[in-house]
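Descriptive structure summary
The lines below spell out each chain.
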Amino acid sequence: MMTLLHRAPWRHTLLLALLMAGPAQAEPAKQACAVPAYLLTSESSLPKVKAATKPGGKLDILVIGSRSAVIGLSDQSAAFPNRLQAYLAEKLPGVTVNVNLELQVKKTAEEMAPVLGKLVEDKKPDLVIWQTGTVDAMRQVDGDDFRNALEDGVSVMQKAGTDVILMNLQYSPRTESMISGSAYLDNMRVVAQQHDIPLFDRFAIMRQWNENGDFDLFNPAPGMELAKRVHDCLGRALSAFVIETAHIKTEDLRIQR
């Protein structure tokens with residue numbers, strides 16, 4: 001079960017509670033949110049993940065992210081970290097999968113980088129998925145400062161002994177004209193290449209879903225149901241990305257089960 005380690009500020013609690021009021025919802029149905037194969041592959045690998053997913057193994061993943069890693073406060077079953085855990089558990093029979101979430105709300109990469117090494121040492125994950133860039137773009141952090149912070153954060157996590165995936169910004173057609181994310185997207189791609197780690201291109205994936213009509217991300221009041229559907233699709237895409245990048249042969253796990 002996904003563990004939420006830090007909660008968002010209290011002033012959002014009432015609003016989110018009101019938005020989420022209503023009858024309990026079942027797990028979201030699978031969406032028609034296909035992702036091109038080139039967005040689900042990487043030239044980099046995930047050796048720690050590969051080693052952890054032997055039959056009878058245990059895969060521990062730590063998602064480090066901002067507010068976009070959650071939907072509400074009381075129930076995180078529909079948020080993408082929990083959906084990632086569910087899809088990986090389904091695809092990796094005989095492997096125990098745990099996905100934990102560490103929220104770093106409203107923090108830039110520079111503010112997050114100093115704590116990443118200790119988090120890895122304390123939690124000992126096989127894989128860290130570092131979701132970042134949105135707050136930096138909103139605050140218009142200098143591109144060089146952002147890149148340096150990314151390099152520092154990735155370096156300390158790798159030295160602490162974990163695989164790392166960088167996850168870039170969300171795509172939103174409503175905010176794209178107000179907030180320029182291109183410099184941050186480019187810097188994340190450069191750092192991923194320099195450190196030989198995979199980049200999960202959430203921005204490109206969500207933009208394609210919007211353009212294909214899978215989701216109306218321009219809607220000014222998208223609501224909780226849309227958020228749940230998007231998170232479910234992100235969890236499914238991310239699970240495929242992890243398995244493909246780690247070069248895991250899921251059919252072998254099913255045979256040996």
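Structure's up top.
Overview of the structure.

1. Digging into the sheet that holds strand S4 (residues 163-167)
With parallel pairing, the five strands of this open sheet are ordered in space as S2-S1-S3-S4-S5. Edge positions in the sheet fall to strand S2 (96-103) and strand S5 (199-200), since each has one partner strand and no second. As judged from the two bridges shared by S4 and S5, these two strands associate in the parallel manner. Its bridge partner lying in S5, Met167 is registered against Phe200. The strands touched by helix H8 (residues 182-194) are S4 and S5; relative to S4, the strand with the most contacts, the crossing angle is about 165°.

2. A closer look at the state of the cysteines
The term disulfide refers to a covalent linkage connecting the sulfur atoms of a pair of cysteines. Overall, the coordinates contain one disulfide when judged by the stated rule. At a sulfur-sulfur separation of 1.9 Å, the disulfide partner of Cys33 is Cys233. Handedness here is read from the sign of the S-S torsion; for Cys33 and Cys233, about -95°, the answer is left-handed. Here Cys33 is found in the loop between helix H1 (13-19) and helix H2 (47-52), whereas its partner Cys233 is found in helix H10 (residues 223-245), with 200 residues between them in sequence. A residue is classified by how much of its surface remains accessible, and Cys233, at 1% relative accessible area, is buried.

3. Section: the pairing of strand S3 (residues 127-131)
In the case of a regular strand, side chains alternate between the two sheet surfaces. With five of five residues buried, S3 lies mostly within the body of the structure. Going residue by residue along S3, you find Leu127, Ile129 and Gln131 tucked away on one face and Val128 and Trp130 tucked away on the opposite face as well. Judged from the four bridges that link them, strand S1 (residues 58-65) and S3 form a sheet pairing that is parallel. Note on S3: the bridge partner recorded for Ile61 is Leu127. Sheet topology places S3 next to S4; five bridges connect them, and they run parallel. Bridging from a neighbouring strand, Leu127 pairs with Asp163 of S4.

4. Some thoughts on the packing of aromatic side chains
Evaluation of the coordinates by the stated rule reveals four aromatic pairs. Considering the side-chain rings of Phe200 and Phe241, the 5.4 Å spacing of their centres and the 65° angle between planes classify their relative orientation as edge-to-face. Of this pair, Phe200 sits in strand S5 while Phe241 is found in helix H10, placing the two residues 41 residues apart along the sequence. Overall, Phe200 belongs to the buried group, its relative accessible area being 0%.

5. Notes on the packing of helix H9 (residues 202-212) against H10
For the pair H9 and H10, the least separation of the axes is 12 Å and the interaxial angle reads 125°. One finds that H9 runs oblique with respect to H10. Between H9 and H10 lies a crossing whose hand is right-handed. Each of Arg202, Met206 and Trp209 in H9 lies in contact with H10, whose residues at this interface are Val230, Cys233 and Leu234.

6. A look at helix H4 (residues 109-123)
Spanning 15 residues, H4 covers 20 Å between terminal C-alpha atoms, matching the ideal 21 Å at 1.5 Å per step. Bending of H4 peaks at approximately 40° at the position of Val115. Turning to H4, its buried residues number three or more, namely Ala109, Met112, Ala113, Leu116, Gly117, Leu119 and Val120. A positive backbone phi angle near 50° is found at Lys124, which sits one or two residues after H4.

7. Considering the packing of helix H6 (residues 143-159) against H8
It is at 10 Å that the axes of H6 and H8 come closest, and there the two elements cross at 35°. Crossing of H6 against H8: the hand is right-handed. Of the residues in H8, those in contact with Gly143, Phe146, Arg147, Leu150, Glu151 and Val154 of H6 are Tyr184, Asn187, Met188, Val190, Val191 and Gln194. Classifying every residue of the contact of H6 with H8 gives seven nonpolar, three polar and two charged.

8. Looking at the pattern of salt bridges
Here the structure, examined in full by the defined rule, presents eight salt bridges. With a closest N to O distance of 2.7 Å, Lys118 and Asp122 form a salt bridge. You can see Lys118 and its partner Asp122 sitting in helix H4, four residues apart, about one turn around the helix. On the basis of relative accessibility, which here comes to 53%, the residue Lys118 falls in the exposed class. The exposure class assigned to Asp122 is partly exposed, which follows from its relative accessible area of 46%. Arg147 is the salt-bridge partner of Asp144, the closest N and O atoms lying 3.0 Å from each other. One end of the pair, Asp144, and the other, Arg147, are both in helix H6, three residues apart, so they sit about a helical turn from each other. A relative accessible area of 22% means that Arg147 is categorised as partly exposed. Put simply, Asp186, Arg189 and Asp201 are held in one network by salt bridges that share partners.

Cut-off values and rules
- Residues numbered from 1 in each chain as written.
- Predicted model: local features only at pLDDT ≥ 70, side-chain atom pairs only at ≥ 80, totals over all residues.
- Heavy atoms only, no water.
- Pairing = 2+ DSSP bridges.
- Helix = DSSP H or I, 4+ residues; strand = E, 2+ residues; numbered from the N terminus.
- Contact = heavy atoms within 4.5 Å.
- Axes fitted to C-alpha atoms, helices over the stretch in contact; angles between N-to-C directions.
- Disulfide = S-S within 2.5 Å.
- Buried < 20%, exposed > 50% of the residue type's maximum accessible area, 1.4 Å probe, protein only.
- Phe/Tyr/Trp six-rings, centres within 6.5 Å; stacked < 30°, edge-to-face > 60°.
- Parallel < 35°, antiparallel > 145°, perpendicular 65-115°, else oblique.
- Left-handed = near helix turned anticlockwise from the far one by under 90°.
- Expected span 1.5 Å × (residues − 1).
- Bend = angle between axes of the 7 residues up to and from the residue.
- Nonpolar A, V, L, I, M, F, W, Y, C, P; charged D, E, K, R; others polar.
- Salt bridge = Lys/Arg side-chain N within 4 Å of Asp/Glu carboxyl O.

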